[in-house]
Amino acid sequence: MTNDALVLSVAMAVAAGLVGCFAVMRRMALAGDALSHVALPGIGVALALQIHPIFGAAAMLFFGALLVWALEERARLATETTIGVVFSAALAIGSMTTSGEDLIEALFGGAGELTWTEIVFGLTAAIAVVVFIVRQRNSLIVMLVSPEVARTAGINVRRLNLLYLQMFALTIALGLRYLGVLLMGALIIIPAATAKRVATNLSGMLITAVGVAVLATVVGGHLASRLHRETGPLIVTVAAGCFVLSLLRRQS
Amino acid sequence: MEHILEVSHLSVRFGKATILRDLSFHVPRGSSLAILGPNASGKTVLFRALIGAIPFAGTVQWAPGTRIGYVPQKLDLERDVPITGMDFLRARDALASRRAQSARRGSRLPAGESDTTILRTLGLVGVPREAAAQPIGTLSGGQFQRLLIAFALVGAPNVLLLDEPTAGVDEPGQERLNELVRRLQQEQALTVLFISHELSVVYRYASNVLCLSRERVCMGPPRTVLTPDLLLEMYGTPMDYHVHDQ
């Protein structure tokens, strides 16, 4: 990996680790994982219009997050069904609008040359996500207890939910280059799930999740270039390996 | 305003179902109001309306400067998260200081320097420091309820809303929690609104009781309001309960 690519992928992993912790604790692992699928039709349309795929993906993810947000206001069961239907449909439609090499790269990530657009977008987005989590940490924690309690603490619950989901979507957009539409959700969820098993307090969880995400990204990326394989599957395999190791630790 | 809360003509509907109909009452500052009613009579819904978490018709007016500490019955939280009581209390405390700072231009300690507030609150509710430093999943039911009360108190409230604070706690634990709430109310001049199923608790701790039932709503001191007829009407079965003069 070049230095640019290394910096960018580490920034992406840090964002993924942090965002994932709250996704796992808020029990939205499934929704979060499936949300990445909506990026595919966006990539297809962007390629057809000959603009950078990242912008098509980001736009679709923005609307996907808006949908999850609107649904979360209602019953949880309806949310799960809708997510199952809408996001799978998006994957199907997206697969039809994209084809060949482009499709494989969109699904699993690819190693092509990084453009300046991507580097600037990636670093800006990663910084935005990290700053958001660090600044809103207390509100996000209080919101875990119950939305009513959060209200009485002066938190605008609806707005914070929406912002969080948009940051989640942005994190997915960040990782599409390396992990693709199918696997980016996993880099957000698996490190956080690992951290949830191992950590005994909040800082421990955040640090562990970031550590696992960065480790998986760097080791996976390195292995991919040595073995001439796609990066995404190797990154996720390393992360999943960490999770399996965490199972060895007896949960208190 | 002599009353800390005035509610007039409050109605809440979910779709076609009317949960609360034309409810009017007021709560004097420093008093304690018990909310009593059969299941599904809208007790929790009333609390959610009072804090503005759901849409309603009518008016709910809190006195200026009211800060509410809410202890919900149902939590969104899974107990297996690796977050400690201290993590939660610190987060809540940081929000409270931020709010106080923006309201009064920094007359309170900034966040991070006020672990003293948290430790004092833990002492008040009787949760040992070591327990608060553990992930919340390791706490007993009673300790967890105490932690939730501490969580509400860290926001320096002058009103506490307690939704069945003793549910799922063993009997001696319930007794201690009720005493805790009464002590806090006296020491900190709090107004307390609590939902309860326990008539004995209502008699002992409430200055007023608000009964919610499908047929009618009534309010007043427990001894005048809680007649055998009303209890029969609310719960459908005669309640075998005797009031002992203390």
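Residues numbered from 1 in each chain as written. Chains lettered and ligands numbered in written order. Predicted model: local features only at pLDDT ≥ 70, side-chain atom pairs only at ≥ 80, totals over all residues.

1. Some remarks on the pairing of strand E1 (residues 3–14) of chain B
Residue and element names in this part refer to chain B.
Part 1: When E1 meets strand E2 (residues 17–28), the two strands line up antiparallel, connected through 8 bridges. Among the inter-strand pairings, Leu10 is bridged to a residue of E2, identified as Leu23.
Part 2: Linkage of E1 to E2, two consecutive antiparallel strands, is achieved through a turn of 2 residues, within which Gly15 is found at a positive phi near 60°.
Part 3: Examined bridge by bridge, E1 and strand E4 (residues 57–62) share 5 bridges and lie antiparallel to one another. Bridged to Ser11 within E4 is Ala57. (Pairing = 2+ DSSP bridges. Helix = DSSP H or I, 4+ residues; strand = E, 2+ residues; numbered from the N terminus.)

2. Examining the confidence of the model for chain A
Part 1: Summary statistics for chain A give a mean pLDDT of 88 and a share of 96% for residues scoring 70 or more.
Part 2: Here helix H5 (residues 76–97) of chain A is the element of chain A with the lowest mean pLDDT, 80, and helix H10 (residues 202–227) of chain A is the one with the highest, 94. (pLDDT = per-residue confidence, 0-100.)

3. Regarding the packing of H10(A) against helix H11 (residues 231–247) of chain A
Residues and elements named next belong to chain A.
Part 1: Look at H10 against H11: their axes get within 8 Å of each other, and the N-to-C directions meet at 135°. In terms of orientation, H10 and H11 fall into the oblique class. For H10 against H11, the interelement crossing comes out right-handed. From H10, Val212, Ala216, Thr217, Val219, Gly220, Gly221, Leu223 and Ala224 reach across to H11, where they touch Thr231, Leu234, Ile235, Val238, Ala239 and Cys242.
Part 2: Looking at side-chain class alone, the contact of H10 with H11 contains 10 nonpolar, 4 polar and no charged residues. (Axes fitted to C-alpha atoms, helices over the stretch in contact; angles between N-to-C directions. Parallel < 35°, antiparallel > 145°, perpendicular 65-115°, else oblique. Left-handed = near helix turned anticlockwise from the far one by under 90°. Contact = placed C-beta atoms within 7 Å. Nonpolar A, V, L, I, M, F, W, Y, C, P; charged D, E, K, R; others polar.)

4. Concerning the nonpolar core
Soluble globular proteins tend to bury their nonpolar side chains together.
Part 1: Core analysis: the biggest nonpolar cluster contains 159 residues, and A:Val19, A:Leu35, A:Ala39, A:Leu61, A:Ala173, A:Leu187 and A:Ala239 have the highest contact counts within it.
Part 2: Looking at this core, the element that brings in the most residues is helix H9 (residues 157–198) of chain A, giving 23 residues.
Part 3: Mapping this core onto the domain boundaries places at least three of its residues in each of domain 1 (1–66 + 198–239) and domain 2 (67–157) of chain B.
Part 4: Setting aside its immediate chain neighbours within four residues, A:Ala173 contacts A:Ala39, A:Ile54, A:Ala57, A:Ala58, A:Leu61 and A:Ala125. (Core = buried A, V, L, I, M, F, W, Y, C linked by C-beta atoms within 7 Å. Buried ≥ 20, exposed ≤ 12 C-beta atoms within 10 Å, placed from the backbone. Domains from an automatic or database assignment.)

5. A look at the sheet that holds E4(B)
All names here are of chain B.
Part 1: Reading across from one edge, E2-E1-E4 is the order of the 3 strands in this open sheet, with antiparallel pairing throughout. Where the open sheet ends on each side, the last strands, each with one partner, are E2 and E4. Here the average twist between neighbouring strands, direction ignored, is 15°.

6. Description of the environment of A:Ile127
Residues and elements named next belong to chain A.
Part 1: Structurally, the position occupied by Ile127 is in helix H7 (residues 116–145).
Part 2: By the C-beta count within 10 Å, which is 13 here, Ile127 ends up partly exposed.
Part 3: Each C-alpha atom of the pair Ile127 and Met12 lies 9.1 Å from the other, and the pair is 115 residues apart in sequence.

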